[in-house]
Amino acid sequence: RAIASVKQIKSAEGIQLVAEAVNEQARKELVAPAIIGYPRLDEIGTDHASVSWATDREAGSKINYARESEYRDGSDNPYTTQAGDEGERVKEHKVILSGLTPGTTYHFNAESPAEQGLTGISRDTTFVTKALQPTVTNFHIVKAETDSVTLAWNTNIPASGVVEYTNTKNKF
């Protein structure tokens, strides 16, 4: 219908005005969504992270990520995993990454795909998940002597320990 209307224009001026309007609209529509600022990490846990960002227009929300040991810098797709919803159309984006490994560095970027296959892409960034904290159980004295003591305990993860003590009997 629009093409039929354009065909009815008989003057060069009219065609020029329509061409300028079409070009202006195409410049607006045929541009990838701009990611405003940088994606931010709202929360980082031992096995999860929450990433949010904003775009200048409605687009999908996708995070590409990989452990540092699996990240392929310089390749077309350096990431091993994706999360999010490419089909949603929002300006405020939030994606939760789950199943992460504690105490591990991850590379990630945000993608916001829009119509016509145009996608806004952020730069690569890294974060480190929190390490697991050991839980001490079964703390006990193995042997006590006049000038020494042997202590033992269990932890839920491999850990090293330090015992600090104060001699309360021989204060100078």
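Further up the page is the structure itself.
What you see is a predicted model; the values in this text were computed from it and never measured.

With respect to the overall build of the protein
On a plain count of helices and strands, the protein comes out with two helices and eight strands. When its helices and strands are written in sequence order, the protein yields α-α-β-β-β-β-β-β-β-β. Taken over the C-alpha trace, the protein has a radius of gyration of 29 Å; the compact-globule value for 172 residues is 16 Å, which it surpasses by more than 25%. With respect to the principal axes defined by its C-alpha atoms, the protein has extents near 110 × 35 × 25 Å. In the protein, once contacts between residues fewer than 6 apart in sequence are set aside, the share between residues at least 24 apart is 57%. Carbon and sulfur atoms form 51% of the exposed surface of the protein, whose accessible area is close to 12100 Å². Between the centroid of the 18 positive side chains of the protein and the centroid of its 23 negative side chains there is a distance of 3 Å.

A word on the nonpolar core
Counting 14 residues, the largest nonpolar core has W53, I63, Y65, L97, L100 and F127 as its most contacted members. Broken down by secondary-structure element, the contributors of at least two residues to this core are strand 2 (48-67), strand 3 (81-98) and strand 4 (105-113). With five residues, strand 2 is the largest single contributor of residues to this core. When near neighbours in sequence (up to four residues on either side) are disregarded, L100 contacts T46, D47, H48, A49, Y65, Y106, F127 and T129.

Details of the pairing of strand 2
Side-chain positions along a regular strand alternate between the two faces of the sheet. Most of strand 2 sits inside the fold, with 15 of its 20 residues counted as buried. Judged from the six bridges that link them, strand 1 (residues 35-44) and strand 2 form a sheet pairing that is antiparallel. Its bridge partner being in strand 2, R40 is matched across the sheet by S52. Taking the residues that link successive antiparallel strands as the turn, the strand 1-strand 2 hairpin has three residues. With six bridges connecting them, strand 2 and strand 4 associate as antiparallel partners. Following the sheet pairing, N64 is matched in strand 4 by N109.

Criteria and cut-off values
- Residues numbered from 1 in each chain as written.
- Predicted model: local features only at pLDDT ≥ 70, side-chain atom pairs only at ≥ 80, totals over all residues.
- Heavy atoms only, no water.
- Helix = DSSP H or I, 4+ residues; strand = E, 2+ residues; numbered from the N terminus.
- Rg over C-alpha atoms; globule rule 2.2 N^0.38 Å.
- Contact = heavy atoms within 4.5 Å.
- Areas by Shrake-Rupley, 256 points an atom, 1.4 Å probe, with all protein chains shown as cover.
- Lys, Arg positive; Asp, Glu negative; His and termini not counted.
- Charge placed at Lys NZ, Arg CZ, Asp CG, Glu CD.
- Core = buried A, V, L, I, M, F, W, Y, C linked by side-chain atoms within 4.5 Å.
- Buried < 20%, exposed > 50% of the residue type's maximum accessible area, 1.4 Å probe, protein only.
- Pairing = 2+ DSSP bridges.

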